[in-house]
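Chain by chain, the residues run as shown.
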Amino acid sequence: MPSATPAATLLWGGWVVTGTGVYRADLLIEGERITHIGNLPKDRWQPTWHIEDVRGCFILPGTIDLHVHTRDPAKPPVYATRFSETRSALAGGITTILDMPNTHPPVTTPEVFEQKWQRWNRQPLWCNWALFPALIDDHLEEMLEWAQHDPRVPGLKIFLAPSTGGLVLHDWTHLNTVFQRYAGLLVVHAEDPRYFGEKPTYAWDYPKWRTRTACYRATQWLAHLYLQHRPDSASAAYTLPHVHILHVSTAEEVFLYRRLPSFVRQHFTLETCPHYLWFAAEDFYWLGKRLWCNPAIKQREDQQVLRYALANHLIYTVGSDHAPHPVESKTLKEEAPAGIPGVRTLLLILLEGVTRRWWTLTDVVQWTAEHPARLLRLSDRGVLRAGAFADLVIVDRHPTAGNTLSYTCGWHPYANYVFTWRIRTVWVNGQRAYHLGRWLVPAGKPLRFPKP
Ligand SMILES: [Zn+2]
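As the structure is a prediction and not an experimental result, all values here were calculated from the model. (Residues numbered from 1 in each chain as written. Predicted model: local features only at pLDDT ≥ 70, side-chain atom pairs only at ≥ 80, totals over all residues.)

## What about the nonpolar core?
Soluble globular proteins tend to pack their nonpolar side chains together in the buried interior.
Point 1. One finds Ile-59, Leu-90, Cys-127, Val-188 and Val-395 to be the most contacted residues of the largest nonpolar core, which totals 126 residues.
Point 2. Among the elements that line this core, the one with the most residues is helix 6 (residues 212-228), at eight residues.
Point 3. Shared between two domains, this core holds at least three residues of each, these being domain 1 (8-59 + 388-439) and domain 2 (62-375).
Point 4. Apart from residues lying up to four places away in sequence, Val-188 is in contact with Ile-158, Leu-160, Leu-222, Val-243, Ile-245 and Leu-246. (Core = buried A, V, L, I, M, F, W, Y, C linked by C-beta atoms within 7 Å. Buried ≥ 20, exposed ≤ 12 C-beta atoms within 10 Å, placed from the backbone. Helix = DSSP H or I, 4+ residues; strand = E, 2+ residues; numbered from the N terminus. Domains from an automatic or database assignment. Contact = placed C-beta atoms within 7 Å.)

## Observations regarding helix 1 (residues 82-91)
Point 1. Taken across its 10 residues, helix 1 has eight buried, putting it largely inside the fold.
Point 2. All buried positions along helix 1 are accounted for by Arg-82, Glu-85, Thr-86, Arg-87, Ser-88, Ala-89, Leu-90 and Ala-91.
Point 3. Remark: Gly-93 follows helix 1 within two positions and exhibits a positive phi of approximately 85 degrees.

## Thoughts on the sheet that holds strand 13 (residues 317-318)
Point 1. One open sheet accounts for five strands, arranged 9-10-11-12-13; its pairing is parallel. With one partner strand each, in any of the chains shown, strand 9 (156-159) and strand 13 form the two edges of the open sheet.
Point 2. One ladder, built from two bridges, connects strand 12 (residues 268-272) with strand 13; its direction is parallel. Bridge pairing links Glu-271 to Thr-317 in strand 13. (Pairing = 2+ DSSP bridges.)

## Some points on the domain arrangement of the protein chain
Accessible area lost when the parts come together is the quantity often used to give the size of an interface.
Point 1. Annotation of the protein chain at the domain level lists domain 1 (8-59 + 388-439) and domain 2 (62-375).
Point 2. A C-alpha centroid distance of 27 Å is found between domain 1 and domain 2.
Point 3. Listing elements by their share of the side of domain 1 that touches domain 2, those giving two or more residues are strand 14 (392-401), strand 15 (418-428) and strand 16 (431-435).
Point 4. Top contributing element to the side of domain 1 that touches domain 2 by residue count: strand 15, with six residues.
Point 5. Residue composition of the side of domain 1 that touches domain 2, grouped by class: 20 nonpolar, nine polar and one charged. (Nonpolar A, V, L, I, M, F, W, Y, C, P; charged D, E, K, R; others polar.)

## Re the packing of helix 6 against helix 7 (residues 251-259)
Point 1. Relative to each other, helix 6 and helix 7 sit at 20 degrees, their axes nearing to 9 Å. Classified by the angle their axes make, helix 6 and helix 7 are roughly parallel. Note on packing geometry: the crossing formed by helix 6 with helix 7 is right-handed. Residues Arg-212, Cys-215, Tyr-216, Thr-219, Gln-220 and Ala-223 of helix 6 lie in contact with helix 7, whose contacting residues are Glu-252, Glu-253 and Leu-256.
Point 2. Counted by class, the contact of helix 6 with helix 7 contains four nonpolar, two polar and three charged residues. (Axes fitted to C-alpha atoms, helices over the stretch in contact; angles between N-to-C directions. Parallel < 35°, antiparallel > 145°, perpendicular 65-115°, else oblique. Left-handed = near helix turned anticlockwise from the far one by under 90°.)

## Let's talk about the pairing of strand 1 (residues 8-17)
Point 1. Sheet analysis places strand 1 next to strand 2 (residues 22-30), joined by eight bridges and oriented antiparallel. From the neighbouring strand, Thr-9 faces strand 2, where its bridge partner is Ile-29.
Point 2. The loop that links strand 1 with its antiparallel partner strand 2 comprises four residues.
Point 3. Pairing analysis gives two bridges linking strand 1 to strand 5 (residues 58-61), with the strands arranged parallel. Among the inter-strand pairings, Trp-15 is bridged to a residue of strand 5, identified as Phe-58.

What follows is the structure, encoded as structure tokens:
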């Protein structure tokens, strides 16, 4: 196998998975893009093509993970960097990450965004990337204006409750200004701190502090804003922001969403994360503070409802909420930071759901690629079709032991599981970037987003 990517590569004999179906097709990659999908008989093969035999494998669009905390730049000591975390993401089948703004210093102004963007752009990273700035009470109008015009800005992150980094929009009446002035994407950490309980004494008390009511109240408030700001005409509806609620963890939020009028649901979508689908409150008894994350992992019933909501198209995307806290800090006696590493297992867990017949491969492609691309208005990523960027992941049915998946932070909570799928090869911008445990080339690029 040549290490440099040839001018054209034919992925021959695989199963192509899109958001609408799975079919047998050959896929031709030339330069950065896919140039053909369909049957290519051998008599049409060119001698210059490199032919890669992918019989028995499935080809999916590369995952677009809207929710990653690389913590780069971080306050020392540094446990993870943009290099280490995009490297881990690539091995998990992720071809694009969006990094969250609770880095150091926090990204709350265009100037800090510029510094962080330049830092990230210094050397090529292992996958494509973009950075979310945060909206806080200061500089509100300036931020709204700037975010709508700078093509490097995918949208704005809002924290309604403190999490790692302490970035909070305290005055919720500011959201009225946002609804009047801003028509872009808002990704929201929705917990209402007024409904937090007592700080936990034991690891398993965590959901009694970060309560389910806190989640429900904040999500309900955001949905309600659409009813308050309902425009008179259909054309005016396009001046409203799109709110994407991150890491939904409770059954109540799903039931609330199911009851919302379709006008609201056009502008309002939900994300959940693999750890809410995989773990439940009883797992605190053996994993302890390692499972602390915000919002807290809830009950077994919530997990069942979240799986149901995904399979029934009530949840729009799945993000990792990857947070590389070192294992030493997660096992401290007193406080432990909230967050779980997850970029290497995001896709493996969703594929595990296919094995267990919770959902289908086409569903997984919708949540991990097509829907995130739609939220970001990216027309030539997140899809497998001629003309789109060749960001793709090739997977097959082969056991992957959780304890073989490593991170620089030294741990992850899935080490005791064996997954039934394997991430075989990952292509980024037409380059074969990862293959069976080997990282070949950092081919990631910063993304730009079309603005209205
Ligand atoms: Zn997060």
